[in-house]
Amino acid sequence: MRGDRSWLSGGAPLRLGERIGKGGEGEVFAIAERPGLAAKIYHADRATARREKIEAMVAAPLRAGGLVAAPSAVITDGTGAFSGFLMPRIVSAAPLHDLYAPASRREIIPDAAYRNLLRVAANAARAVAAVHDAGHVIGDVNQSGFLISQDGLVALIDADSFQVHTGDAVYRCTVGVPEYTPPELQGRSLNEIDRTRNHDAFGVAVVVFQLLFFGRHPFAGVSERGRLSIPEAIANGAFAFSNVRDVPLAPPPGAMALTDLPASLAGLFERAFGPTPDARPLPREWIKALSEAEDAQRPCLDAVRHDFDLRAQACPLCRMEREGSTPLFPWRPRELGLSHLKGPKLVEGVLDDARDQLKRLTPPTKDTLPHPTRPPPAGFQPPERHRRPEIIR
């Protein structure tokens, strides 16, 4: 695409570097000598249709605190023809869906535990909330539009497809992925539809669900009445994991259950995928519930990095692994300083490490152990909040 053409931004020459992305509308390039920026150059047959919207976005910048790679300047070619735009470059980040599988998740967040998935989900909701706060709608919410860094921060890309409101003008989002499109828009042409935050809310709920359920889609399940595609299940409101509605789908074997989550989160999913579009939770509700769920996590005593809700009676991740899942949060020998060991010696090394940790624990003494029948010492007075109220006769 670049060939021998010259590029300008704000009248200044622009030298494109390596290509870092490619899509149906154009290509994305690094900017030589400017590592914090990237350029999207549209295919020749798409540039004219995009010009007015991009110029409007540049004139009224989307201020989202660094959570969105939004257009910041127009790019023209040597003849002055509109060609694309400059945007912030998000480096050292991976697609959000790489968190679904244990191996790729470990590469992104090496010490990840379940609480990290809750935090990333909350950060994804924060990015969407930032777009809404700026007065815009994403429209095409899907897993490919989110990037995640090793510290769990999430940013949005493909901002030129957002539905943008500038003054009296509305530049629609005309695309969508059926697996993230709400029931009321399934099968409809999106070219003439003004998308709403409520439409975004459905896609956000799917993204959050897939993060917490290890990539499973909320409308993919087992049916005794014939196979349903995911778009068909969405159109019919067949939320496979629902506990409050009779639907023709059931969760796949070995999957997490909605009851494994705190009631607050389970309730948000029921609302998001229920029959009332206006009841869908918006991003800030997700942020609150997910943050509270992260704070309520406790470590499992039987498996490394198996966090689960402190109100649960047993670790759901252990149950899933017993039912046939691969290790959900595998650890590496080097995390214990044992990377030089293999086979039986590695197993013995892990056991030795556990024994060393047990030796470092201070055992209780007979004076520190509670004694249910021992009377309190003379003169002992319980704290005010534990005293029985005095009965006045």
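Residues numbered from 1 in each chain as written. Predicted model: local features only at pLDDT ≥ 70, side-chain atom pairs only at ≥ 80, totals over all residues. Heavy atoms only, no water.

*Asks:* Help me understand the overall build of the protein chain, please; the structure alone is not making it clear to me.
*Replies:* Within the protein chain, the regular secondary structure consists of 9 helices and 14 strands. Total accessible area computed for the protein chain in this model is approximately 21,400 Å², and 53% of it derives from carbon and sulfur atoms. (Helix = DSSP H or I, 4+ residues; strand = E, 2+ residues; numbered from the N terminus. Areas by Shrake-Rupley, 256 points an atom, 1.4 Å probe, with all protein chains shown as cover.)

*Asks:* What exactly am I supposed to notice about the side chain of N142 here?
*Replies:* Mapped onto the elements of the fold, N142 is located in the loop between α3 (114-133) and β9 (146-149). Reaching out from N142, the side chain makes a polar contact with the side chain of D140 at a distance of 3.2 Å. With residues up to four places along the chain from it excluded, the contact list for N142 reads V177, Y180 and V207. (Polar contact = N/O pair within 3.5 Å; in protein donor to acceptor, adjacent residues only side chain to side chain. Contact = heavy atoms within 4.5 Å.)

*Asks:* When you look at the sheet that holds strand β8 (residues 93-95) in this model, what are you seeing that I'm missing?
*Replies:* Strand order in the open sheet formed by 3 strands is β8-β9-β10, and the pairing between neighbours is antiparallel. Pairing within the sheet leaves two strands with one partner each, and these edge strands are β8 and β10 (154-156). Taken pair by pair, the neighbouring strands of this sheet meet at an average axis angle of 35°, ignoring direction. As paired elements, β9 and β10 share 3 bridges and run antiparallel to each other. Residue F146 lies in a different strand from β10, and its bridge partner there is L156. (Pairing = 2+ DSSP bridges. Axes fitted to C-alpha atoms, helices over the stretch in contact; angles between N-to-C directions.)

*Asks:* I keep staring at the pattern of salt bridges and nothing clicks. Help me out?
*Replies:* When their charged atoms lie close together, side chains carrying opposite charge are able to pair. For the structure on display, the rule yields 19 salt bridges. Between K40 and E25 there is a salt bridge, with the nearest N and O atoms lying 3.9 Å from each other. One end of the pair, K40, is in strand β5 (residues 37-42); the other, E25, is in the loop between β3 (16-22) and β4 (26-31), and 15 residues separate them in sequence. When salt bridges with common partners are traced through the structure, they connect E25, K40, R46, R50 and D160 into a single cluster. (Salt bridge = Lys/Arg side-chain N within 4 Å of Asp/Glu carboxyl O.)

*Asks:* Honestly, unusual backbone geometry in this entry has me stumped. Any pointers?
*Replies:* Excluding glycine, residues mostly have negative phi values, and the peptide bonds linking residues are mostly trans. Of note in this structure, S92 is not a glycine but carries a positive phi near 50°. For S92, a relative accessible area of 68% gives the class exposed. The backbone phi angle of F214 is positive, close to 55°, even though this residue is not glycine. Along the chain, F214 falls in the loop between α4 (197-212) and α5 (230-235). (Buried < 20%, exposed > 50% of the residue type's maximum accessible area, 1.4 Å probe, protein only.)

*Asks:* How do you make sense of the sheet that holds β3 when you look at a structure like this?
*Replies:* Hydrogen bonds between backbone atoms are what pair the strands of a sheet, whose relative direction is either parallel or antiparallel. With respect to topology, 7 strands assemble into an open sheet ordered β2-β1-β6-β7-β5-β4-β3, the strand pairing being antiparallel. Across the chains shown, the open sheet's two edge strands, defined by having one partner strand only, are β2 (12-14) and β3. Ignoring which end each strand starts from, the neighbouring axes of this sheet average 35° apart. Of the pairings in the sheet, the one linking strand β1 (residues 7-9) to strand β6 (residues 73-77) comprises 3 bridges and is antiparallel in character. Among the inter-strand pairings, S9 is bridged to a residue of β6, identified as I75.

*Asks:* Looking at this model, I keep getting lost on helix α6 (residues 263-272). Mind explaining?
*Replies:* Note: α-helices contain 3.6 residues per turn, so residues at a spacing of three or four share the same orientation. For α6, the set of buried residues is L265, A266, L268, F269, E270 and A272. Summarising the contacts, the buried residues of α6 are in contact with α3, α4 and α7 (283-295).

*Asks:* What exactly am I supposed to notice about the nonpolar core here?
*Replies:* Core analysis: the largest hydrophobic core is formed by 89 residues, its most contacted members being Y114, L212, F269, F273 and W286. Apart from residues lying up to four places away in sequence, W286 is in contact with A125, V204, A205, V208, L265, L268, F269, A272 and P281. (Core = buried A, V, L, I, M, F, W, Y, C linked by side-chain atoms within 4.5 Å.)

*Asks:* What is the right way to look at the environment of S264 in this model?
*Replies:* Its location among the elements puts S264 in helix α6. When its relative accessible area of 37% is taken as the criterion, S264 is described as partly exposed. For the pair S264 and A289, spaced 25 residues apart in sequence, the C-alpha separation works out to 6.4 Å.

*Asks:* Sorry if this is basic, but what is going on with the environment of A70 here?
*Replies:* Within the secondary structure layout, A70 lies in the loop between α1 (44-59) and β6. Spatially, the C-alpha atom of A70 lies 8.1 Å from that of M57, the residues being 13 residues apart in sequence. In this view, A70 contacts L62, L86, M87, P88 and A159; residues no more than four positions away in its chain are not counted.

*Asks:* For this particular structure, what's the right way to read the packing of aromatic side chains?
*Replies:* By convention here, two paired aromatic rings are described through the distance between centres and the angle between planes. Under the defined criterion, the tally for this structure stands at 19 aromatic pairs. Aromatic side chains Y42 and F85 sit 6.1 Å apart centroid to centroid with 55° between the ring planes, which places their arrangement in the tilted category. One end of the pair, Y42, is in strand β5; the other, F85, is in strand β7 (residues 82-88), and 43 residues separate them in sequence. Its relative accessible area of 4% is what places Y42 among the buried residues. Look at F85 and you get buried, because its relative accessible area is 1%. Ring centres 6.4 Å apart and planes at 35° place the aromatic pair F239 and F241 in the tilted group. (Phe/Tyr/Trp six-rings, centres within 6.5 Å; stacked < 30°, edge-to-face > 60°.)

*Asks:* Help me understand the confidence of the model for the protein chain in this model?
*Replies:* The predicted coordinates ought not to be read in detail in places where the model reports low pLDDT. Confidence in the prediction of the protein chain, expressed as mean pLDDT, is 86, and 83% of residues score 70 or more. Ranking the elements of the protein chain by mean pLDDT puts helix α9 (residues 343-359) last with 49 and α4 first with 98. Between residues 368-373, whose pLDDT stays under 50, and residues either more than four places distant or in other chains, the model counts 1 contact. Low confidence marks residues 382-393, where pLDDT is under 50. Its contacts with residues over four positions away, or in another chain, come to 2 contacts. (pLDDT = per-residue confidence, 0-100.)

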